[in-house]
Amino acid sequence: MKESAAVAIYSGMNPPNSGHDILVTKLFASANRHNAQPIIYLSHIDDASNKLSFNERVNLAETSYGRIVVKSSARNITEMIAELSEYYNKVIVVDNSERVLETSKLCKMFKNLVVEDSNTRDPDTFKLLRLNAASRKHRRGLKREALELQEKEKTEKEKAEKAKKEKQKVQE
């Protein structure tokens, strides 16, 4: 027996970033609205331009988003929808604004498909992304300063120990 509904995203997440966090937040909101199971599928494109392998991306996504990440052989969004259609009566795909129209064309192929716009390209979302990026950059700067301070303290401590040893040698 099929379950009622699934809400899914299909993404590269190479690597997962704050934009993906927003997309996953939209995924959960849609799943709550439709009383459906949230699911994340990752693309299988592994080539020289990708920073991480499929398995590395799955592990990172599971660490970030939990057990809703599916390790599937689906190579594209159409295969993902076909796979989900085997288990769910209704499949809702949350997609980025620029791909909604293209994904919506699949509705002719899959009668149980609904496509929702994630609205992750709106100006307010970009402001949030810039703020998050600025915050990360600031934190990296603070971390770098802390590491530099630790290194400076370590160097000073080593110099003090060396001077102490030389003083002991002179006294002997």
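About the criteria used
- Residues numbered from 1 in each chain as written.
- Predicted model: local features only at pLDDT ≥ 70, side-chain atom pairs only at ≥ 80, totals over all residues.
- Heavy atoms only, no water.
- Helix = DSSP H or I, 4+ residues; strand = E, 2+ residues; numbered from the N terminus.
- Contact = heavy atoms within 4.5 Å.
- Areas by Shrake-Rupley, 256 points an atom, 1.4 Å probe, with all protein chains shown as cover.
- Buried < 20%, exposed > 50% of the residue type's maximum accessible area, 1.4 Å probe, protein only.
- Pairing = 2+ DSSP bridges.
- Core = buried A, V, L, I, M, F, W, Y, C linked by side-chain atoms within 4.5 Å.
- pLDDT = per-residue confidence, 0-100.
- Axes fitted to C-alpha atoms, helices over the stretch in contact; angles between N-to-C directions.
- Salt bridge = Lys/Arg side-chain N within 4 Å of Asp/Glu carboxyl O.

Colleague: Got a minute to help me understand the overall build of the protein chain in this structure?
Modeller: Counting its regular elements, the protein chain contains five helices and five strands. Going from the N terminus to the C terminus, the protein chain shows its helices and strands as β-α-β-α-β-α-β-α-β-α. Considering only contacts within the protein chain whose residues lie at least 6 apart along the sequence, 64% involve residues at least 24 apart. Taken as a whole, the protein chain presents about 11,600 Å² of accessible surface, with 52% of it coming from carbon and sulfur.

Colleague: Which parts of the structure should I look at to understand the pairing of strand S4 (residues 88–95)?
Modeller: For a regular strand, side-chain orientation follows a simple rule: the groups alternate between the two sheet faces. By the criterion of burial, S4 is predominantly enclosed, with six of the eight residues buried. Across five bridges, the pairing between strand S1 (residues 3–11) and S4 is parallel. Paired with Ala-6 across the two strands is Val-91, which belongs to S4. Here S4 pairs with strand S5 (residues 113–117) via five bridges, running parallel. Bridging across to S5, Ile-92 finds its partner in Val-114.

Colleague: I tried to follow the nonpolar core on my own but got confused; where do I start?
Modeller: In globular proteins that are soluble, nonpolar side chains generally tend to be buried together. Counting residues in hydrophobic clusters, the biggest one holds 19 residues, and the most contacted among them are Val-7, Ile-9, Met-13, Ile-40 and Leu-42. Contact partners of Met-13, with chain neighbours within four places excluded, come to His-20, Val-24, Ile-40, Leu-42, Arg-57, Ala-61 and Tyr-65. Membership of the second largest hydrophobic core comes to 18 residues, among which are Ile-77, Met-80, Val-93 and Leu-113.

Colleague: What's the story with the confidence of the model for the protein chain in this structure? I'm lost.
Modeller: When pLDDT is low, close inspection of the predicted coordinates is not appropriate. Mean pLDDT for the protein chain: 78, with 77% of residues reaching 70 or above. Across the protein chain, strand S2 (residues 37–42) holds the top mean pLDDT of 93, while helix H5 (residues 123–171) sits lowest at 65. Taken together, the stretch residues 129–139 has pLDDT below 50 and engages in five contacts with residues farther than four places along the chain or on a different chain.

Colleague: Is there a simple way to think about unusual backbone geometry in this case?
Modeller: Backbone geometry at Met-13 places phi at a positive 45°, although glycine is not the residue there. What makes Met-13 buried here is its relative accessible area of 1%. Although it is not a glycine, Asn-35 sits at a positive phi angle of roughly 50°. By the element assignment, Asn-35 lies in the loop between helix H1 (18–34) and S2.

Colleague: In this structure, what is going on with the environment of Leu-101? I would like to understand it.
Modeller: Relative to the assigned elements, Leu-101 resides in helix H4 (residues 100–104). Accessibility expressed as a relative area gives 65% for Leu-101, which makes it exposed. Once the C-alpha coordinates of Leu-101 and Asp-117 are considered, the two residues, 16 residues apart in sequence, prove to be 9.2 Å apart.

Colleague: Help me understand the sheet that holds S1 in this model?
Modeller: Whether parallel or antiparallel, the strands of a sheet pair through hydrogen bonds between backbone atoms. The strand order S3-S2-S1-S4-S5 describes an open sheet built from five strands, whose pairing is parallel. Every other strand in the sheet has two partners, leaving strand S3 (69–70) and S5 as the edge strands with one partner each. Its contacts with the sheet place helix H3 (residues 77–87) against S1, S2, S3, S4 and S5, and it is angled at close to 150° to S4.

Colleague: Looking at this structure, how should I read the pattern of salt bridges?
Modeller: Side chains that differ in sign of charge can pair as their charged atoms come close. Applying the stated criterion across every chain yields a total of two salt bridges. Among the ionic pairs, Glu-62 bridges to Arg-67, the shortest N-O distance being 3.9 Å. Exposure remark for Arg-67: the relative accessible area of 75% places this residue in the exposed category. For Arg-75, the salt bridge goes to Glu-79, with nearest N and O atoms at 2.6 Å. Given a relative accessible area of 57%, Arg-75 falls into the exposed group.

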